[in-house]
Amino acid sequence: MYRFTLRLTDLATTWFAVSPIHEAVLSLRMWTHPGVYPLQTRAFEQLRPAFERLESQRLLLSLVARNRFVPDFLTPRPTAPAADFHTELAVVRALPPELLRGELEQTFLPDEPSLPALLASGLADPERLLARITDALEEYWEACLAPSWWPQARSVLEADLVYRARVLAQQGAAALFADLDHRLHWADGVLSIDRSWGDGEVETAVDGRGLVLSPTCFVRGAITMIGKDRAPQISYPARGQAGTGGASPAASAALEALVGAPKARLLSLLAEPASTTELAYRLGVTPGAVSQHLSVLAATGLVTRARHGRSVLYRRSALGDELSGGR
């Protein structure tokens, strides 16, 4: 059990963040543990040729332990609700090289007899190894994730944040925590994570540092950092991940007859919030075409929109739900 103690002032400084570097690092589990995150399988099979062309492929694979742990320093706590990958990568690059061995041993040695060979040999020059790791992550991001996967995933993660904000505003913090994940339990000022990793119980006082909650596509339940002294943060499974696979549900014939096929397909996709970019990808059309249809749907009260960071997210209204038959 992992317990976070939150005072009233700590609840006021609990916030959500989308972290691209978290997604990049945790997505390496797709290559080392295939099948564990089935909602991402289709998308990552499309990325496989690009991943297999990376010169740094073996080094990247070595960063994931057999139990799917990744080193804490690779997933620094976000400092903004919508972070930039290269800004977060700069934080990773800034790790003092003398700390690298401890970070790696904390990740691998509790459950494995030794460090992966590539990492163990690289520790002869920790500064160079750190540079190789961060360069490999940057190459992976630019070649595999940033071009098409990240724009869709970011929309899904930002939509999750819009939903959480609505739950918090309408139902309060207790309902928010209960809805985040089955591993989380909130009672008497303590937020607990039922965990299958590690031994014993860990108590952490948030103590004015703020608790950061981050949705991700690459966990099966809520997790936190390996190290006990890290600033408080929790990653939890994002809602609506089917949206990153590219498939779009069929609209009913009656709905198509009423509003036309393009708008009917959009309404079918908007049971969960989505951006224009994500909708265009899933429908195989241009963002401009989607934007025109969304403007009409918004003007007629069939969809609502909410801004999150740089994105505008659309969702079916109550009237849109009725017309779509709750699809």
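From a predicted model like this one, the values you see are computed outputs, not experimental measurements.

Undergrad: Would you mind going over the sheet that holds strand β4 (residues 190-193) with me for this structure?
TA: Strand-to-strand pairing in sheets goes through backbone hydrogen bonds, with the strands running parallel or antiparallel. The sheet built from 4 strands is open, its strands ordered β3-β4-β1-β5 with mixed pairing. Two strands bound the open sheet, and with one partner strand each, they are β3 (184-187) and β5 (202-205). For this sheet the average axis-to-axis angle between neighbouring strands, irrespective of direction, equals 20 degrees.

Undergrad: Is there a simple way to explain the sheet that holds strand β6 (residues 212-216) in this structure?
TA: Spatial strand order, β2-β6-β7: 3 strands in an open sheet with parallel pairing. The sheet is open, and its two edges are formed by β2 (15-16) and β7 (233-237), each paired on a single side. Here 5 bridges tie β6 to β7, and the two strands are oriented parallel to one another. Within β7, the position partnered with V212 by the bridge is Q233. Against the sheet, helix α10 (residues 149-171) touches β2, β6 and β7, its axis set at about 105 degrees to β7.

Undergrad: I keep staring at helix α7 (residues 100-108) and nothing clicks. Help me out?
TA: Residue pairs spaced three or four apart in an α-helix point in one direction, given the helix's 3.6 residues per turn. Taken together, the buried positions of α7 are occupied by L100, E103, L104, T107 and F108. Seen from one end, α7 has its buried residues packed into an arc of 115 degrees, which puts them on one side.

Undergrad: What should I look at first to understand unusual backbone geometry in this one?
TA: In most cases, non-glycine residues show a negative phi, while peptide bonds are predominantly trans. For R68, which is not glycine, the phi torsion reads 75 degrees and is therefore positive. Take R68: it is sitting in the loop between α5 (57-61) and α6 (85-93).

Undergrad: For this particular structure, what's the right way to read the pattern of salt bridges?
TA: Proximity of charged atoms lets side chains of opposite charge pair with each other. Within the structure shown, the criterion is met by 14 salt bridges. A salt bridge links E52 to R48; its shortest N-O distance comes to 3.5 Å. Separated by 4 residues within a single helix, E52 and R48 lie in helix α4 (residues 41-52), roughly one turn from each other. For E52, a relative accessible area of 46% gives the class partly exposed. Its relative accessible area of 26% is what places R48 among the partly exposed residues. Across the pair R93 and D135 runs a salt bridge whose closest N-O atoms are separated by 3.0 Å. Here R93 is found in helix α6, whereas its partner D135 is found in helix α9 (residues 126-145), with 42 residues between them in sequence. Note on R93: relative accessible area 32%, which makes it partly exposed. By relative accessible area, D135 is classed as partly exposed at 42%. Three or more residues joined by partner-sharing salt bridges are found here, namely R7, D10 and D207.

What counts, and where the lines are drawn
- Residues numbered from 1 in each chain as written.
- Predicted model: local features only at pLDDT ≥ 70, side-chain atom pairs only at ≥ 80, totals over all residues.
- Heavy atoms only, no water.
- Pairing = 2+ DSSP bridges.
- Helix = DSSP H or I, 4+ residues; strand = E, 2+ residues; numbered from the N terminus.
- Axes fitted to C-alpha atoms, helices over the stretch in contact; angles between N-to-C directions.
- Contact = heavy atoms within 4.5 Å.
- Buried < 20%, exposed > 50% of the residue type's maximum accessible area, 1.4 Å probe, protein only.
- Arc of directions from axis to C-beta.
- Salt bridge = Lys/Arg side-chain N within 4 Å of Asp/Glu carboxyl O.

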